[in-house]
Amino acid sequence: MLLQQQALLRQKLLVLGSLAVGSLLYLVVRVGSLDRLQPTCPLDVSLRPPDAGQILLRSLQFKRVLLLHELRKGNGTPEQVHLRDPDQQLPRALIVGVRKGGTRALLEMLNLHPAVVKASQEIHFFDNDQNYARGIDWYRGKMPFSFPHQITIEKSPAYFITEEVPERIFKMNSSIKLLVIVREPTTRAVSDYTQVLEGKERKNKTYHTFEELAVDEATCEVNTKYKAVRTSIYTHHLERWLHFFPAEQLHVVDGDRLISDPLPELQRVERFLHLPAAISRANLYFNATRGFYCLRFSPLFNKCLAGSKGRTHPAVDASVVQKLRRFFHPFNQKFYQITGRTFDWP
Ligand code: A3P
């Protein structure tokens, strides 16, 4: 009898042990690829509605990813996480721009917070007429599953500069919280150019130099028709947003500081979003190889941003840099006035 009980106990321990090892291996393999797993990609490009089976499968996928995400963030045991009832919620905060300001880093870093769930992909709902015409339920369907106590955050940097967007967002939720991350305007413009240049080079295409694009050859003045220049005139775009939203609903993040010392910027955002302080120094570590801060979700799971973030910029003629800085200066002053935040831009 005793021997039988011992054998049974041994068997139970063996099963439990292999379950624990299996789950651990599964987590190690899957958590690293969570971003790719979050099913916000446009799966349903066809106009045919997905059938019930597909919807159920996608819903299960979402929930599995959310479960792993919650476990990774240390938000309870598997049993506790299972007990709550996740749903797809519309974003309660949006990172609306600025392109190349550090929008991805900001989203990923905020996602360290247990009460934040990110939409991994840029959905481009408000800036793309075709997507907008699909309606709010389509947008909600692109959101990750989250628990009622959590807030969903989406980022699409094109929102900041697209004319129709503030009104469209206002119609969805007039009390939504808006985040804008900015960087020194000339550096941002060069970063913008570098991204486009890399795309051209990948296709073996030749492209203009930054100097050719940023300065009008005929007048030797800054070329305000060049999109990378126009995007960096932050005050022009911001004023459009303020026709719809009060300044208190809009928080400006310093993208240069997010690079050099992210935590104080993230703590400001936590306060703005009325979230309890949860992101700490332990969540961030400087990776000398990358030259940037990377994310630590737990002692086991670290993550740096993809290599497309933090490109080497081409050298730009010093006189062109100076011309651009002089050009942006008055717009920057106005931007400081409106936002109530001064940046150490030249
Ligand atoms: P560069 O590639 O010019 O260096 P966005 O996500 O809006 O496209 O912004 C990209 C920029 O985010 C990068 O621009 C990089 O400087 C900045 N960034 C800020 N924090 C970062 C981080 N922790 N890791 C990588 N890039 C970061």
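For the structure, see preceding data.
The structure contained in this document is the topic of the report that follows.

### A few points about the nonpolar core
Core analysis: the biggest nonpolar cluster contains 29 residues, and Tyr139, Tyr159, Ile169 and Trp241 have the highest contact counts within it. Listing elements by their share of this core, those giving two or more residues are strand S2 (93–97), helix H7 (136–141), helix H8 (165–172), strand S6 (177–182), helix H12 (234–242), strand S7 (250–254) and helix H15 (318–339). With near-sequence residues (within four places) excluded, Tyr139 lies in contact with Leu90, Pro91, Leu94, Ile123, Phe125, Phe126, Glu154, Tyr159 and Met172. With 28 residues, the next largest nonpolar core counts Leu107, Leu112, Phe301 and Leu305 among its residues.

### Quick word on the site of the ligand
Neighbouring the ligand are 17 residues; Thr103, Ser191, Tyr293, Gly310 and His313 lie closest to it. Interatomic distance of 2.9 Å between a side-chain N/O atom of Lys309 and an oxygen atom of the ligand. Here an oxygen atom of the ligand and a backbone polar atom of Arg311 are 3.0 Å apart. Alone, the ligand offers 570 Å² of accessible surface; in the complex the protein occludes 97% of this. If you list the elements that add at least two residues to the shell around the ligand, you get helix H5 (103–110) and strand S9 (292–296). Sorting elements by how many residues they give to the shell around the ligand places H5 first, with four residues. Classifying every residue of the shell around the ligand gives six nonpolar, six polar and five charged.

### With respect to the sheet that holds S6
Here five strands make up an open sheet; going across it, the order is S3-S5-S2-S6-S7 and the pairing parallel. Each having just a single partner strand, strand S3 (116–118) and S7 make up the two edges of the open sheet. Neighbour-to-neighbour, the strand axes of this sheet turn through a mean angle of 25 degrees, independent of strand direction. Note that S3 and strand S5 (residues 151–155) share three bridges and pair parallel. The residue bridging Val116 from the neighbouring strand is Ile151, located in S5.

The rules behind each value
- Residues numbered from 1 in each chain as written.
- Predicted model: local features only at pLDDT ≥ 70, side-chain atom pairs only at ≥ 80, totals over all residues.
- Heavy atoms only, no water.
- Core = buried A, V, L, I, M, F, W, Y, C linked by side-chain atoms within 4.5 Å.
- Buried < 20%, exposed > 50% of the residue type's maximum accessible area, 1.4 Å probe, protein only.
- Helix = DSSP H or I, 4+ residues; strand = E, 2+ residues; numbered from the N terminus.
- Contact = heavy atoms within 4.5 Å.
- Near = heavy atom within 4 Å.
- Polar contact = N/O pair within 3.5 Å; in protein donor to acceptor, adjacent residues only side chain to side chain.
- Areas by Shrake-Rupley, 256 points an atom, 1.4 Å probe, with all protein chains shown as cover.
- Nonpolar A, V, L, I, M, F, W, Y, C, P; charged D, E, K, R; others polar.
- Pairing = 2+ DSSP bridges.
- Axes fitted to C-alpha atoms, helices over the stretch in contact; angles between N-to-C directions.

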